[in-house]
Amino acid sequence: MSIKAALFPDRMYKVRMLVPKDKADKLVEQIVKLGSYEPADIKVEFGKPIEWARRDLLVINDHLSKLEHYFDFFELSIEPEFAEPLKAKSWEEAAKKAIERAKKIEQEFERFANKIKEIEAKIFDVSTIISKPLALPKDVIEKLKEAFGLIVSQEIPDEVKKDMAVVDLATKEALKLSAEVVRKLAIEIIKLLEEEKKMVFEEARAWASDYELEISSTYGLLLTVKNALQVFAKGRESEYFIYLEGYVPESFFKRTLKVIKEYVAEVGFALVHVVDYDTEKPPTYVRVEGSAAKTAYDVENIYGPPDPREFVPAAIMAFTLPFIYMFMFPDWGHALVLVIFGWGLLHRKGWALAVFKPFGVKRFTKGTEFLGRVMMLVGTASIITGFLSAEFFGPLIGESYIDPAMWLWHSLGMVPPLSFGLEHLGDTVIKYVLLSITIGYFHILIGFIIGLINEVRFGRTWKAIHYVFPFMLMYLTAGAPFAAGFIASGFGSNIEQMMYLTGEFFNTWMFNLRTGYIGPLFIIFILALLWRGYGIKLELEHEHGKAEASIIGMEMFDNFLLVVSNIISYVRIMALALAHWGLVFAFQVIGEIGGPVLLAILYVLANIMVIMLEGLVSFIHNLRLHFYEWFTKFYNDRGKLFEPAVQHAPVIIE
């Protein structure tokens, strides 16, 4: 794969085809087999919409929704699979056959679902008795009323009135006793109903397991028919011909065009041209290879798909995403747990789902696969910093000889360079602060370089020169003393030297408050800010046709604050690393006060909580640094992902 293919979206081609009606079904069969053609809306005046395809597409989508609903309801991890090919004379006939097969499966699922709904309705009715235990059966209430009425309607002698209190108390006790009986009976009934519901649920899952091939192949067939009908639904037809348009990426262009031309040349014609991005916005296809790059690209698409012309940062994110995370979560024991669970989500689906079910993961989907890849990517990186900090399930074991990382550092006669041990906690915090600022410094500069590339590719050279570059220069000058001090001190190996050099560089290059000396970088910073102001003026005129001085001034002041806040924002790397260590350490101290049993219990609970909580929080903050601090320097996210018509199950048009 070339560097260009890894860093920029494929050039997109538009393919236009005109074929006789009786040949269109076979052409669409070839298209879905290729899996490299996305149908496009037709804007030329030709014929009329293909109504049967639009109608059947709605029906197919409805059955797909029903099946996927049942998959979720019964917690079934069923994916489309290839089976025996379906033979049909047309895609319209294929749609009818797919619908018939789907209806049979849905009827079985519906039978089980209705049983469960009936049981749930009974559970609801019985639960109302528990919430209102005095709502006794009517016949019991009427008898009590009748008995009470007979007593009060008679003349009662004075000497018997004392006994009325006894009768009243007995009535109340009877009511109370009846309420308790009803409540207990209701609870037992609910338990039985819950067991019955569970049995029906498992019966449905067993049936789905027995017929999994039929279900998965029908699911795949529906998806294939859906894709084929989408090709037709976006086409147009005349009395004798069908006209289709679609996009094909450069990576698949030669093979796709060869197959289409071989077929179309005999019955119709096909025209091809490169899409003009100034007049048309095609979908975006990026040829990403490698597990780390694919994972980073999926993370990137959470923010939004890239524009078809812009730089794709997935290859860089494949490094920066785990690199930043590894400093936020430096414990190789915790990281190893992430890697194991990530591997389980990818390779041991049943085991992984059993573990993650309490957290709401009911069935295996592309989302759980993505989660597994992310956990393996960032967890593998954190193992490295875990060794550098000699942390193995927190400081308790990390500072003992149980940890192999400690064997390494003690054999070398060295202190772990990233350790948060109490005896050198202050030095580590200072080192981590400058390390975090340095990471942010270079990360943001990379973003500006990409921003310059994007503006040139979008044909906005003026914006690259007057808007992006001066802003980049402001960051370059503001963070230079910190980065230089960290690097010159052997990447923080000597804390005192690092602090001294950073201060000297700042006093010499920026300004010295004691002497009033103004350094060259500060002058460059001010000039760059003024230059940026001119760029803001050009941008406002380009977007709104005018630029007011007050707005330019506010934008310049905001840019000045951004330079400081964006870089300082990366200090969260240090904060999360310290919080990660401190949380387990705090539980350890509490446990030591309570004795060895409490210590063991709290230590286990603390590590579980840290892996779950800090592992997630670190990733969220990592995303924030990428999405807010980094992407805002260059990323457009105004694209639409390429979604080709693909074949999930074989369909042969005879």
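Residues numbered from 1 in each chain as written. Predicted model: local features only at pLDDT ≥ 70, side-chain atom pairs only at ≥ 80, totals over all residues. Heavy atoms only, no water.

**Student:** Quick question: what am I supposed to make of the overall build of the protein here?
**Tutor:** Of the regular secondary structure elements, the protein holds 22 helices and 10 strands. A buried classification covers 47% of the 654 residues belonging to the protein. In the protein, the share of contacts with a sequence separation of at least 24, taken over all contacts with a separation of at least 6, comes to 82%. Carbon and sulfur atoms form 63% of the exposed surface of the protein, whose accessible area is close to 33,400 Å². (Helix = DSSP H or I, 4+ residues; strand = E, 2+ residues; numbered from the N terminus. Buried < 20%, exposed > 50% of the residue type's maximum accessible area, 1.4 Å probe, protein only. Contact = heavy atoms within 4.5 Å. Areas by Shrake-Rupley, 256 points an atom, 1.4 Å probe, with all protein chains shown as cover.)

**Student:** Help me understand the pattern of salt bridges, please; the structure alone is not making it clear to me.
**Tutor:** When charged atoms on two side chains of opposite charge get close, those side chains can pair. As enumerated under the stated definition, the model contains 24 salt bridges in all. Arginine 287 is paired through a salt bridge with glutamate 289; the nearest N and O atoms lie 3.5 Å apart. Overall, arginine 287 belongs to the partly exposed group, its relative accessible area being 33%. Residues participating in the shared-partner salt-bridge network are Lys14, Arg16, Glu245 and Glu280. (Salt bridge = Lys/Arg side-chain N within 4 Å of Asp/Glu carboxyl O.)

**Student:** Quick question: what am I supposed to make of the nonpolar core here?
**Tutor:** A general tendency of soluble globular proteins is for nonpolar side chains to be buried together. Of all hydrophobic cores here, the largest spans 74 residues; its most connected members are Phe327, Tyr475 and Ile573. One finds Met17, Trp91, Ile105 and Val126 within the second-largest nonpolar core, a separate group that totals 71 residues. (Core = buried A, V, L, I, M, F, W, Y, C linked by side-chain atoms within 4.5 Å.)

**Student:** Would you mind going over the packing of helix H10 (residues 314-328) against helix H13 (residues 366-389) with me for this structure?
**Tutor:** How two helices sit against one another is set out by the angle between their axes and by the gap between those axes. Between H10 and H13, whose axes approach to 8 Å, the crossing angle comes to 50°. By the criterion of interaxial angle, the relationship of H10 to H13 is oblique. In the crossing of H10 with H13, the sense of the turn from one axis to the other is right-handed. For the pair H10 and H13, contact is made by Ala318, Leu321, Pro322, Tyr325, Met326 and Phe327 and by Leu377, Val378, Ala381, Ser382, Ile384 and Thr385, respectively. Of the residues that constitute the contact of H10 with H13, the class distribution is 10 nonpolar, two polar and no charged. (Axes fitted to C-alpha atoms, helices over the stretch in contact; angles between N-to-C directions. Parallel < 35°, antiparallel > 145°, perpendicular 65-115°, else oblique. Left-handed = near helix turned anticlockwise from the far one by under 90°. Nonpolar A, V, L, I, M, F, W, Y, C, P; charged D, E, K, R; others polar.)

**Student:** Would you mind going over the side chain of histidine 63 with me for this structure?
**Tutor:** Assignment of secondary structure puts histidine 63 in helix H3 (residues 51-73). For histidine 63, a relative accessible area of 4% puts it in the buried group.

**Student:** Please clarify how the side chain of asparagine 559 should be interpreted in this entry.
**Tutor:** Within the fold, asparagine 559 resides in helix H20 (residues 549-568). A relative accessible area of 3% places asparagine 559 in the buried class. Setting aside anything within four residues of it in sequence, one finds asparagine 559 in contact with Phe471, Met474, Arg532 and Ile536.

**Student:** What exactly am I supposed to notice about a negative patch on the surface here?
**Tutor:** A contiguous patch of negative charge, built from Glu79, Glu81, Glu212 and Glu369, is present on the exposed surface. You can see glutamate 81 is positioned in the loop between H3 and strand S4 (86-88). Here glutamate 81 falls in the partly exposed class, since its relative accessible area comes to 37%. (Patch = residues over 30% accessible without salt bridge, like charges linked within 9 Å, V, L, I, M, F, W, Y side chains within 5 Å. Lys, Arg positive; Asp, Glu negative; His and termini not counted. Charge placed at Lys NZ, Arg CZ, Asp CG, Glu CD.)

**Student:** I would appreciate a short explanation of the packing of aromatic side chains in the present structure.
**Tutor:** Aromatic ring pairs are reported here in terms of the distance separating the ring centres and the angle at which the planes meet. Taken as a whole, this structure holds 42 aromatic pairs when the rule is applied. Ring geometry for phenylalanine 631 and phenylalanine 634: centres 5.7 Å apart, planes at 70°, overall edge-to-face. The structure contains a cluster of three or more aromatic residues connected by ring pairs, namely Tyr70, Phe71, Phe73, Phe74, Phe109, Phe112, Phe201, Trp207, Tyr211 and Tyr219. Cation over ring: arginine 11 sits above tyrosine 277, and NZ or CZ is 4.5 Å from the ring centre. (Phe/Tyr/Trp six-rings, centres within 6.5 Å; stacked < 30°, edge-to-face > 60°. Lys NZ or Arg CZ within 6 Å of the ring centre and 35° of its normal.)

**Student:** Before we go on, may I ask you to explain unusual backbone geometry in this structure?
**Tutor:** Glycine aside, a negative phi is what most residues show, and trans is what most peptide bonds show. A positive phi angle is found at glutamate 75, which is not glycine, with a value near 55°. Phi at alanine 390 is positive, roughly 55°, even though this residue is not glycine. Relative to the assigned elements, alanine 390 resides in the loop between H13 and helix H14 (395-398). Under the relative-accessibility criterion, alanine 390 is labelled buried at 2%.

**Student:** Would you mind going over a nonpolar patch on the surface with me for this structure?
**Tutor:** A surface patch of nonpolar side chains, amounting to about 460 Å² of accessible area, comprises Ile518, Ile523, Ile526, Leu527 and Leu530. Among the elements that take part in the nonpolar patch, helix H19 (residues 520-544) stands out by supplying four residues, more than any other. As for its placement among the helices and strands, isoleucine 523 is situated in helix H19. A relative accessible area of 44% means that isoleucine 523 is categorised as partly exposed.

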